[in-house]
Amino acid sequence: MIHFALAKGRLAEESAALLEKCGVDVSVLKKETRKLVLESADGKYGFFLVKPTDVPTYVESGVADLGIAGKDTLLEQDKDLYEMLDLGLGGCRLCIAGYPARRDALTSPHLRVATKYVNTAKRVFSERGEDVEIIHLNGSIELAPITGLADVIFDVVQTGSTLKANGLVVLEEVFPDITARLVANKVSLKTKSDEILPLIAALKEAVS
Amino acid sequence: MKYRNLPFGVQDVLPEECRILDEIKRRLARKFMLGGFEPVSPAALEYYDTYSQIRNAVPQEHLFKLTDTDGRLLVLRPDVTLAISRIAATKLGGASRLSYFADKWDLQSAGGISGREIYQAGVECLGEEGAFSDANTIAFAIECLNEAGLKGFIIDVGHVGFFKGVLEDCGLNEAESEKVRALINAKDGLNAERILRKAGASERTLNTVLALPTLFGGAEVFDRAESLTENACARRAIAHLRKVSDLLIRMGYEDKICFDLGTVRRLSYYSGIVFSGLVKELGAPVLSGGRYDHLADDFGGKIPAVGFAIGLKRLLIGLERQGNLPPEQPLDAVVCCEVGAEELAYRTYLALAAEGKRTRLRTDYAAADASEAAEVYLATKEGVKRV
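Bear in mind the structure is a predicted one, so any value in this text is a computation, not a measurement.

Below, the discussion takes up the packing of aromatic side chains. All chains considered together, the criterion is met by 12 aromatic pairs over all chains. Relative to F101 of chain B, the ring of F32 of chain B has its centre 5.6 Å away and its plane inclined at 35°; by these criteria the two rings are tilted. With F32 of chain B in helix α1 (residues 15-34) and F101 of chain B in strand β5 (residues 96-105), this pair connects stretches of sequence that are 69 residues apart. Overall, F32 of chain B belongs to the buried group, its relative accessible area being 1%. Here F32 of chain B and F140 of chain B contribute two aromatic rings whose centre-to-centre distance is 6.3 Å and whose plane-to-plane angle is 40°, an arrangement assigned as tilted. Taken together, the positions of F32 of chain B in helix α1 and F140 of chain B in helix α4 (residues 131-148) put the pair 108 residues apart, joining distant regions of the chain. Both residues of the pair, F32 of chain B and F140 of chain B, count as buried. R128 of chain A extends its terminal NZ or CZ atom over the ring of F125 of chain A, reaching a point 5.8 Å from the ring centre.

This is the structure we're talking about:
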C-alpha cells in the first residue's frame, strides 16, 4: 500500500482531482468525514490529511511514502526527501513586498522583515550579505508594514490584490514559481518502486 | 525537577531494549570477527581542529564543542569513519581491516529516528582498492544485515564519479556545483536546471544532469547512463559499477542490489562507490557506506579504503516493525533462601550459573514462587530443594 500525505483544504481537493485522472481511487476523499486516515476501496492507497506545513515531516520520516506540498513549505523546511514532480497547482510567487519608499530608515538601520518563512528569509538575506531583523508572524503578514512592525514582508503573493488594497507593492520577486510538488520518501522510492514509479509516470503525463 | 531530564535527542537504553541491542551486537561482533576484522574503539573527545582543518570539514554547526583546560576547543566525535581513518593513518601504518561499535554525535539531528547521539556498528577495509574490494564490502554489508535478522532489505549502490564527471562539463564554480549537488540529491531538477542554464551549460550536459534523478533501478540504468554522456570520469564510474554489479551477481546477491546514479551525498569524503541499506519498514537507511580513497591524505597517510556503518537504533526499529526481534530470554532459575542458608543458596546459584543458566539469587528471603522461572530452588538449613 502507498501512503499519501495530503495538505488539508483546497490543495487536497486539487490533488485528489489530479490523482483521480491517474486512475487512483479517491472516492474516500470526496466523502464528508472527520476521519484522518482514509483508505481507498481497493486497498492500494492510504491517505493522511495533515496540515500543509506537516506534509514534508510525514514524508521525510517515511510514515507517508508520497506527499503533495507547496514549494514554499519545502524551501522553508529543507527536509531530506525527493522532489519528484512540479504539479503546477496553486501557483504563486515568494516576494519581498512593502511600501515603494522605506519609512523609518534612520531609526532602524537593519531592514525589518516580517514573514512566516523565517528560515527561507534568513537564507535569502544572508546569501546577499545583508543584516536584517526577521520578525516571525503566523498570518496577516501585510499588517506588519502598515502598522510599522516591519519595513517589508517576505511572503507568497498570488494575485497581489491584498497588497494593492493596502498600498503595498512587490519590491522583488525572489522565487517566481511556487507551486505544489510531489515529494517522495527517499527509501520508499526504492523499496516500493513497483507501485510508486508507475504512479509518478502517470502524474507526469497528467500535468504535462 | 529539570535536573532529572535528558537533553533532547538523546536516550537512555532501558533493559528490555538493551538486552536486544546486546544480542544484535553479539551477532555482529561475531560476524566482524569471522570476516577477519580487528576491533577498535576510538576516543570520544578530539580536537576541534581535527575536523575543521581537513578538506571535507564537518560544518561547525554540527559539532558538539567543549573547551579544554588549556583553552583549546574539543569536539565529541562527529563521524566514526573520520576517526578510524585518522587512527589508521597515524597509528597503524595503513592497511588493516577494522571494526567498531561507537557513538557519534551531531548537534543538529532532527529528532525522531535521527537522534543526536548515534550508536553505530561498522567496518572499514583500509588499504584495499578495486571493484572486488567494493563488491566484497557490499556483500559483507548484506551478510551483516542478514546476521542481524533483518528481512527484505536492499542495498542501493551509486558512484560519486558519475555526477562529478557530468558536472565537470557544466562550467560551474564550486559554490554553484554544491548547490546543484544538493538539488540533484533532492531530485529537484527544476531549480538545478535554472542554475545550469544561467551558467551556460550545453543542452546535452543539461539533459544529462536533469536525467540524473531518474537514473535508478536495476543494472539496465548503466546503458541509459552511458548513452547520456561522453565524459571520461562519468564513463569510468559506470564501467566500475558494471564490474561491481557483475561481481555481486556472481556472488549470489542479484536480488539484494539496485543502483542509483543520482545519489550525491552531503558528507562528501566519498570518492567512489556509495551505498545504503534500505528496508520498506523504515523511511531512512539502516546502513550506509562507500569508498573514500583520499580521506587519509588529511591525516598524513595514503590509504585507499571502503567501509560502512549500521545505525543500530534504526536496525532495532526495522527489526521491531518486521517482528524479527530476537526472542525474549526469560530467567532459567531463581534461588530463594531462608535466613541462615545464605552460603548454600549462593553455592546453588554459582552451580546453576556455571551450567549457563540465567539465574537470579533472591536476597530478600522471599518464599519460593514456582511461577517465577522454569526452575525454582529454596535453600534452607536442611538443604536445597527444587520447588
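Evaluation of the coordinates by the stated rule reveals one cavity of 30 Å³ or more. Approximately 40 Å³ is the volume attributed to the largest cavity. Along the walls of the largest cavity sit K71, L75, F175, D177, I178 and R181 of chain A together with N191 and R194 of chain B, which together make up its complete lining. Among the secondary structure elements, those contributing two or more residues to the lining of the largest cavity are α4 (71-77) and β10 (169-178) of chain A together with α7 (189-198) of chain B. In terms of residues, the lining of the largest cavity owes the most to one element, β10 of chain A, which gives three residues. When grouped by side-chain class, the residues that make up the lining of the largest cavity number three nonpolar, one polar and four charged.

As a further point, take the packing of α4 of chain B against helix α10 (residues 232-250) of chain B. Describing two packed helices takes the angle between their axes plus the distance from one axis to the other. Residues and elements named next belong to chain B. For the pair α4 and α10, the least separation of the axes is 9 Å and the interaxial angle reads 50°. Relative to α10, the element α4 lies oblique. In the crossing of α4 with α10, the sense of the turn from one axis to the other is right-handed. Along its contact with α4, which presents A131, F132, D134, A135, I138 and A139, the element α10 presents H240, K243, V244, L247 and L248. Across the contact of α4 with α10, the residue classes break down as eight nonpolar, one polar and two charged.

Moving on, we get to the domain arrangement of chain A. Residue and element names in this part refer to chain A. Domain boundaries assigned for chain A yield domain 1 (2-90 + 179-207) and domain 2 (92-177). If you average the C-alpha positions of domain 1 and of domain 2, the two centres end up 30 Å apart. Interface area for domain 1 against domain 2, summed over the two sides, is near 810 Å², with a carbon-plus-sulfur share of 41%. Taken together, domain 1 and domain 2 are joined by zero salt bridges. The tally of links from domain 1 across to domain 2 stands at eight residue pairs in polar contact (both at pLDDT 80 or more). Top contributing element to the side of domain 1 that touches domain 2 by residue count: α4, with four residues.

Turning our eyes to something else, we now look at the layout of surface pockets. Residues and elements named next belong to chain A. Quantified by volume, the second largest pocket comes out at close to 950 Å³. Around the second largest pocket, the lining is made up of 40 residues, and of these P52, D72, K116, Y117 and V156 lie nearest the centre. Split by domain, the lining of the second largest pocket shows at least three residues from each of two domains, domain 1 (2-90 + 179-207) and domain 2 (92-177).

Definitions and cut-offs
Residues numbered from 1 in each chain as written. Chains lettered and ligands numbered in written order. Predicted model: local features only at pLDDT ≥ 70, side-chain atom pairs only at ≥ 80, totals over all residues. Heavy atoms only, no water. Phe/Tyr/Trp six-rings, centres within 6.5 Å; stacked < 30°, edge-to-face > 60°. Helix = DSSP H or I, 4+ residues; strand = E, 2+ residues; numbered from the N terminus. Buried < 20%, exposed > 50% of the residue type's maximum accessible area, 1.4 Å probe, protein only. Lys NZ or Arg CZ within 6 Å of the ring centre and 35° of its normal. 1 Å grid on protein atoms, 1.4 Å probe; cavity = no way out; pocket = protein on both sides within 12 Å on 5 of 7 lines; lining within 4 Å. Points joined across faces, edges and corners; volume = space filled by probe spheres on them. Nonpolar A, V, L, I, M, F, W, Y, C, P; charged D, E, K, R; others polar. Axes fitted to C-alpha atoms, helices over the stretch in contact; angles between N-to-C directions. Parallel < 35°, antiparallel > 145°, perpendicular 65-115°, else oblique. Left-handed = near helix turned anticlockwise from the far one by under 90°. Contact = heavy atoms within 4.5 Å. Domains from an automatic or database assignment. Buried area = accessible area lost by both parts, 1.4 Å probe. Salt bridge = Lys/Arg side-chain N within 4 Å of Asp/Glu carboxyl O. Polar contact = N/O pair within 3.5 Å; in protein donor to acceptor, adjacent residues only side chain to side chain.

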